[in-house]
Amino acid sequence: SSKWARAMAILREFEEKCGTPIAKLRQVADAMTVEMHAGLASEGGSKLKMLISYVDNLPTGDEKGLFYALDLGGTNFRVLRVQLGGKDKRVAKQEFEEVSIPPHLMTGSSEALFDFIAQALAKFVAKEGEGYHPAPGRQRELGFTFSFPVRQTSISSGTLIKWTKGFNIEDTVGEDVVGELTKAMERQKLDMRVTALVNDTIGTLAGGRYHHNGVIAAVILGTGTNAAYVERVHAIPKWHGLLPMSGEMVINMEWGNFRSSHLPLTEFDQALDTESLNPGEQIFEKLISGMYLGEIVRRVLLKMADEAALFGDTVPPKLKVPFILRTPHMSAMHHDSSPDLKVVGSKLKDVLEISNTSLKTRKIVVELCDVVATRGARLSAAGILGILKKLGKDTVQDGVKQQSVVAMDGGLYEHYTRFRTTMESTLKELLGEGVAENIVVEHSNDGSGIGAALLAASHSQYL
Ligand code: ADP
Ligand code: MG
């Protein structure tokens, strides 16, 4: 058969295995709800860690003063300062800087990574200018957003369970990451106290709640993926601590580690997992998040090159390089609306060094991007349905018209339009009309940065 027929056969078989009909999504959502219950019942009761965040109060708007935040979550980290002005002035002033992490530090030593971070933070603090008012005689305080699985021991301490998203530094696992940061700040002679340790989902939840009190959950779709939500304390059997006044506790689900026999996994996903830094783990994340979508596309293209000679008699060498095709490249190709798909042509050329592709080839590439993005987006929607089910918000509640808001953030959600719109329309479809109008999915712009600063404020040592 022709190369087209063979390439199309590979595409169709892949598409079929990636299928996410509504019935399957409901099974995934149900499995998510079941695992949530299990993870809340006992430590280690589920693949879902359902970590207790020690955040039992979300921002009210009364927070005041100068606070810093540091956000370490993936390829970049950000430092941020805010001057909070209470109910009337809200966020009076804010500034941030973004620094990319040199790849060698992601797999080097703990000390080297934290020194690099503390150095950038110290530089940023040194540039504190007009409009910021540190309280005289007080230490500056910092909210630390650290978006990896951490077992919290208090609001301001916690040990790293494992690295994810391409980080792998043995030294840090089992250590208190606030301790590591504090030591590095001391080495930089930076006088600052970490008063809140959170991850990006908790930060986004807090930042979202500051603007809208209907926020009940937060979902991150970035390099990785995760979710957090507000649970009633009496629904957390494994919690043996004091009962908070609010009766509520924010739970960090670590949903990236969710897995279920209902997830549509293909040979490409299996191979990606086996060859990853964390085989067998973060299976949901490997289907959904920005670190992996482009890589799945590359793997399917490689098979098409190898078995259908899609790009000629030899396999283009660049196509064999893991992670060379990144999700932003994929998204650019997927959104190409030019008649000759010239963006696809130029990405194939620039990234994979495949030149002179025909329109027919480019169309196959776009369709492949669509299959991979659609599966990820629809599974994300199923995950959100799982949370809403756990909270009993997936059905019409008599007389209740209050809107529930899911705060979203992350580069994938923010920049991959097709992914976002598919996720949102799938959630509507899953909820059905009557319920869908009570559930709002909202982009919480920079929620995690501001959120961490807000939590640093509400957990200040001076309160
Ligand atoms: P992190 O998750 O590392 O904290 P972000 O939330 O900023 O950082 O997400 C960055 C991720 O978002 C990237 O790794 C990439 O996968 C994805 N991303 C960024 N820009 C785009 C884009 N234009 N299209 C699709 N995905 C994107
Ligand atoms: Mg982030």
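Just so you know, the residues in each chain are numbered from 1, in the order the chain's sequence is written. Both sets of labels track the order of writing: A upward for chains, 1 upward for ligands. The model is predicted, so local features are restricted to residues of pLDDT at least 70 and side-chain atom pairs to those at 80 or more, both for listing and for counting; the totals for chains, interfaces and linings are taken over all residues. Values reported for side chains reflect all heavy atoms of the structure, with hydrogen atoms and water molecules removed beforehand.

Would you explain the packing of helix H10 (residues 327–334) against helix H12 (residues 359–390) in this entry?
The packing of two helices is summarised by the inter-axis angle and the distance between the axes. Throughout, an axis means a line fitted to C-alpha atoms (over the contacting stretch in the case of helices), and angles, computed between N-to-C directions, take values from 0 to 180 degrees. Secondary structure follows DSSP: runs of H or I at least 4 residues long count as helices, runs of E at least 2 residues long count as strands, and numbering of each begins at the N terminus. Between H10 and H12, whose axes approach to 9 Å, the crossing angle comes to 120 degrees. Note on packing geometry: the crossing formed by H10 with H12 is left-handed. Facing H10, whose interface residues are Met330, Met333 and His334, H12 presents Val365, Val366, Cys369, Asp370, Val372 and Ala373. When residue character is reported, Ala, Val, Leu, Ile, Met, Phe, Trp, Tyr, Cys and Pro are called nonpolar, Asp, Glu, Lys and Arg charged, and the others, Gly included, polar. Of the residues in the contact of H10 with H12, the class split is seven nonpolar, one polar and one charged. Note on convention: the crossing is left-handed when the near helix lies turned anticlockwise from the far helix by less than a right angle, right-handed when the turn is clockwise. In this description, contact between two residues means that some pair of their heavy atoms is separated by no more than 4.5 Å.

Is there a simple way to explain the pairing of strand E10 (residues 225–232) in this structure?
Regular strands place side chains that alternate from one sheet face to the opposite one. When a residue's accessible area, from a 1.4 Å probe over protein chains only, is under 20% of the maximum for its type it is buried; when over 50% it is exposed; and in between it is partly exposed. Among the eight residues of E10, seven are classified as buried, and the element is accordingly described as predominantly covered. Only when DSSP finds a minimum of two bridges between them are two strands counted as paired. Pairing of strand E9 (residues 215–221) with E10, which is carried by five bridges, proceeds in the antiparallel orientation. Residue pairing in the sheet places Ile220 in a bridge with Asn226 of E10. The turn linking E9 back onto E10 is made up of three residues. Where E10 lies against strand E11 (residues 248–252), five bridges are found, and the strand directions are antiparallel. Counterpart to Arg232 in the pairing with E11 is Glu248.

Teacher, can you tell me more about the confidence of the model for the protein here?
Detailed conclusions should not be drawn from predicted coordinates in areas where pLDDT is low. pLDDT: the predictor's confidence for each residue, scored from 0 to 100. Per-residue confidence for the protein averages 95 on the pLDDT scale, and 100% of its residues sit at or above 70. Scored as a complex, the prediction yields pTM 0.94 and ipTM 0.99.

Honestly, the site of ligand 1 in this entry has me stumped. Any pointers?
We call a residue near a molecule or strand whenever a single non-hydrogen atom of that residue lies within 4 Å of it. Around ligand 1, the structure places 14 residues, and the nearest of them are Thr223, Gly290, Ser331, Gly410 and Gly411. At 3.2 Å from an oxygen atom of ligand 1 is found a main-chain nitrogen or oxygen belonging to Gly290. Distance and chemistry together define a polar contact, namely a pair of N or O atoms within 3.5 Å, with one atom able to donate a hydrogen and the other to accept it when in protein, and with adjacent residues in sequence counting only for side-chain atoms on both sides. Between ligand 1 and Ser331, the relevant distance is 3.1 Å, taken from a nitrogen atom to a side-chain nitrogen or oxygen of the residue. Coverage of ligand 1 by the protein chains reaches 74% of its 570 Å² of free accessible surface. Its residues assigned to classes, the shell around ligand 1 shows three nonpolar, 11 polar and no charged. All accessible-area figures derive from a Shrake-Rupley calculation using a 1.4 Å probe, and residue coverage is judged against the displayed protein chains alone.

Is there a simple way to explain the pattern of salt bridges in this structure?
Any two side chains of opposite charge can pair, on the condition that their charged atoms come close. Each salt bridge in this description consists of a side-chain nitrogen of Lys or Arg and a carboxyl oxygen of Asp or Glu lying within 4 Å of one another. In the structure shown here, the tally under the stated rule is 26 salt bridges. Connected through shared salt-bridge partners, Glu275, Glu295, Arg298 and Arg299 make up one network.

Even after reading the chapter, I still don't get the layout of surface pockets, so can you show me in this structure?
Counted as a void, the second largest pocket has a volume near 380 Å³. The way it works is a 1 Å grid over only the protein atoms, where trapped points that fit a 1.4 Å probe form a cavity and open points with protein on both sides within 12 Å along at least five of seven lines form a pocket, and then any residue with an atom within 4 Å of a point lines it. What lines the second largest pocket is a set of 21 residues, and nearest its centre among them are Lys64, Gly65, Phe67, Ala457 and Ser460. Secondary-structure elements contributing two or more residues to the lining of the second largest pocket are strand E2 (64–72), strand E5 (140–146) and helix H16 (447–458). A total of four residues in the lining of the second largest pocket trace back to one element, the largest contributor, which is E2. The class makeup of the residues in the lining of the second largest pocket is nine nonpolar, seven polar and five charged. Grid points are joined across faces, edges and corners, and a volume is the space filled by probe spheres set on the points.

I keep staring at helix H9 (residues 290–308) and nothing clicks. Help me out?
In an α-helix, one turn spans 3.6 residues; hence positions three or four apart end up facing the same way. Here the expected span of a helix is defined as 1.5 Å times the quantity of residues minus one. With 19 residues, H9 extends 28 Å from end C-alpha to end C-alpha; this agrees with the ideal 27 Å at 1.5 Å per step. Most of H9 sits inside the fold, with 16 of its 19 residues counted as buried. Directly after H9, the chain includes Ala309, whose backbone phi takes a positive value near 50 degrees.

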